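Examining the three-dimensional arrangement
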Amino acid sequence: MNKTMTKGAAALPLNAILGGNCIEVMAGLPANSVDLIFADPPYNLQLKGQLHRPDNSKVDAVDDHWDQFDSFKVYDDFTRAWLREARRILKPNGSIWVIGSYHNIFRVGSALQDEGYWILNDVIWRKSNPMPNFRGKRYTNAHETMIWASKSEGAKYTFNYEALKALNEGIQMRSDWVLPICTGHERLKNENGDKAHPTQKPESLLHRILVGSTNPGDVVLDPFFGTGTTGAVAKMLGREFIGIEQEEAYREVAAKRIKAVRKFDREALQVSASKRAEPRVPFGQLVERGMLRPGEELFSMNQRHKAKVRADGTLVGGEVKGSIHQVGAALEGAPSCNGWTYWCFRRDGKTVPIDVLRQQIRAEMQA
């Protein structure tokens, strides 16, 4: 693990697992320095004694000391304290994800709003293979809730809509995600063969979050790092990470795990982007560069209308003058028109959309 200097005076410990209390450690990090926070805080399960299956075998439930709080007030004070530090170090255009169960997520949601965050979505992680309810006195607890929030109301944030849509076979990503819990080869074990961590999250969950809410090179902080799922997925996806974990045993497992992770190559890290995110190319630039000449005629894709290119990048069609969008809309009698997909030109007897020329310039800009 290493420490890397960010632009500015303060050092940000990138790709490091930091030991200690998350509130104290975050207090030592520079303000406005991380792009995303993923937090899997203690759930405060309030277990009263051991749980047993019908055959009287013991359930490997979460009964660790770090999940035990003396009262709801103590838990709420802890929650507000770490959320306050998290918001301080979050960039103005950053966002936070917090995951929890019915034991704590409603209290966390209230604290988020009280601390100034702006809730964007609550997302249900529906487990395709949940643990059964052994006592048979309640519904099987088959989901957990995640809250996604920006730093403040009206703040900008990263949302890779097209990439998430591509992950979902071309359908808009919904707020209910069906993913399996961590089992099989992904479940980390300690030297005794027991679970290395009782609430290890699946990599598929973090993959979806990071692809949707960050870009390559972004800094992702996890204040409850555990066995390092966030760090492992961040490394694979070309993101920087900072992990905070107070339990030494978890830090050791996480460090070993992340060391073995291979980062995806640059081409594989590219995801589908919104058209709005592509570089803006004025139509006049096509004229300036000689790709289209003043006086050259453009034709509508439906072949019903034509217009002439002018030296300033506007068109004239009949009595109508204006941009490629304005002239197209006027000729069609429509309220609006995307001129880039409406107009085409002719070369060597072929009809070519003017958008081909725009994409050519964009490719040069991104090379």
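Residues numbered from 1 in each chain as written. Predicted model: local features only at pLDDT ≥ 70, side-chain atom pairs only at ≥ 80, totals over all residues. Heavy atoms only, no water.

**Brief notes about the packing of aromatic side chains**
Think of a pair of aromatic rings as described by two things: how far the centres are apart, and how the planes are tilted against each other in angle. Going by this rule: When two rings of Phe, Tyr or Trp (its six-membered ring) have centres within 6.5 Å they constitute a pair, described as stacked for plane angles under 30 degrees, edge-to-face for angles over 60, and tilted for the intermediate range. In this description a helix means any DSSP run of H or I spanning at least four residues, a strand means any run of E spanning at least two, and both kinds are numbered starting from the N terminus. Only protein chains enter the accessibility calculation, which uses a 1.4 Å probe; a residue whose area is less than 20% of its type maximum is buried, one above 50% is exposed, and one in between is partly exposed.
Throughout the structure, instances matching the rule amount to 11 aromatic pairs. Aromatic side chains Tyr75 and Phe78 sit 6.4 Å apart centroid to centroid with 50° between the ring planes, which places their arrangement in the tilted category. One end of the pair is Tyr75 and the other is Phe78, both in helix H2 (residues 72–89) and three residues apart, which spans about a single turn. As far as burial versus exposure is concerned, Tyr75 and Phe78 are alike and both buried. Considering the side-chain rings of Phe283 and Trp340, the 6.0 Å spacing of their centres and the 65° angle between planes classify their relative orientation as edge-to-face. Taken together, the positions of Phe283 in helix H9 (residues 283–288) and Trp340 in helix H11 (residues 339–342) put the pair 57 residues apart, joining distant regions of the chain. On the accessibility criterion, Trp340 (6% relative accessible area) is buried.

**Here we look at unusual backbone geometry**
Residues apart from glycine generally show negative phi values, whereas peptide bonds are mostly found in trans. Not every positive phi belongs to a glycine, and Asn32 is a case in point at roughly 55°. Along the chain, Asn32 turns up in the loop between helix H1 (22–27) and strand E4 (34–39). If you check the backbone angles, Gln303 has positive phi at about 65° while not being a glycine. Residue position: Gln303 is located in the loop between strand E11 (297–300) and strand E12 (306–309).

**A few points about the confidence of the model for the protein**
Threshold: Confidence scores here are pLDDT values: one per residue, from the predictor, ranging 0 to 100. Contacts are assigned to residue pairs with any non-hydrogen atoms lying within 4.5 Å of each other.
Of the residues in the protein, 88% have a pLDDT of 70 or more, and the chain-wide mean is 87. In this model residues 3–9 is a low-confidence stretch, pLDDT under 50, and it forms nine contacts with partners more than four residues away in sequence or in other chains.

**Looking at the side chain of Ser300**
As for its placement among the helices and strands, Ser300 is situated in strand E11. With a relative accessible area of 0%, Ser300 lands in the buried category. Filtering out sequence-adjacent residues up to four positions away, Ser300 remains in contact with His305, Tyr342, Trp343 and Cys344.

**Notes on the packing of H2 against helix H3 (residues 105–114)**
This is how the line gets drawn: The axes are straight lines fitted to the C-alpha atoms, using for helices just the contacting stretch, and the angles between their N-to-C directions are given from 0 to 180°. Angle categories are assigned with fixed cut-offs, so that under 35 degrees is roughly parallel, over 145 is roughly antiparallel, 65 to 115 is roughly perpendicular, and the rest are oblique. Throughout, a crossing is termed right-handed when the near helix is turned clockwise from the far one, and left-handed when it is turned anticlockwise from it by less than a right angle. Each residue gets one label: Ala, Val, Leu, Ile, Met, Phe, Trp, Tyr, Cys and Pro are nonpolar, Asp, Glu, Lys and Arg are charged, and the others, such as Gly, are polar.
Two numbers describe how H2 lies on H3: the axes approach to 10 Å, and their chain directions differ by 45°. Regarding the angle of H2 to H3, the classification is oblique. Here H2 and H3 pass one another in a crossing that is right-handed. Of the residues in H3, those touching H2 at Phe72, Tyr75, Asp76, Thr79, Arg80 and Leu83 are Arg107, Val108, Ala111, Leu112 and Asp114. Residue composition of the contact of H2 with H3, by class: six nonpolar, one polar and four charged.

**Regarding the sheet that holds strand E9 (residues 219–222)**
Stated formally: Two strands pair if DSSP finds at least two bridges between them.
The strand order E3-E10-E9-E4-E5-E7-E6-E8 describes an open sheet built from eight strands, whose pairing is mixed. Unpaired on one side and paired on the other, strand E3 (16–19) and strand E8 (176–179) mark the two borders of the sheet. The sheet shows a mean angle of 20° between the axes of neighbouring strands, direction not considered.

**With respect to the side chain of Thr229**
Relative to the helices and strands, Thr229 resides in helix H6 (residues 229–236). The residues contacting Thr229, other than those within four sequence positions of it, are Gln200, Lys201, Pro202, Glu203, Leu206 and Arg257.

**What about the pattern of salt bridges?**
Using the following cut-off: What makes a salt bridge here is a side-chain nitrogen of Lys or Arg within 4 Å of a carboxyl oxygen of Asp or Glu, nothing more.
Summed over the entire model, instances satisfying the criterion amount to 15 salt bridges. Here Lys201 ties to Asp40 by a salt bridge, and the two come within 2.8 Å at their closest N and O atoms. One end of the pair, Lys201, is in the loop between E8 and helix H5 (203–213); the other, Asp40, is in the loop between E4 and H2, and 161 residues separate them in sequence. Per residue, the accessibility class of Lys201 equals that of Asp40, and both read buried. Its salt-bridge partner being Glu85, residue Arg88 comes within 2.9 Å of it at the nearest N-O pair.

**Side note on the sheet that holds E11**
Strand order in the open sheet made by the six strands is E14-E13-E12-E11-E15-E16, with antiparallel pairing throughout. Looking along the sheet, the strands with just one partner apiece sit at the ends: strand E14 (320–322) and strand E16 (350–353). The sheet shows a mean angle of 35° between the axes of neighbouring strands, direction not considered. Pairing geometry for strand E13 (residues 315–317) and E14, over three bridges, is antiparallel. In the sheet register, Leu315 faces E14, and the bridge partner there is Gly322. Docked against the sheet, helix H10 (residues 324–332) engages E12, E13, E14 and strand E15 (343–347), running at close to 155° with respect to E14.

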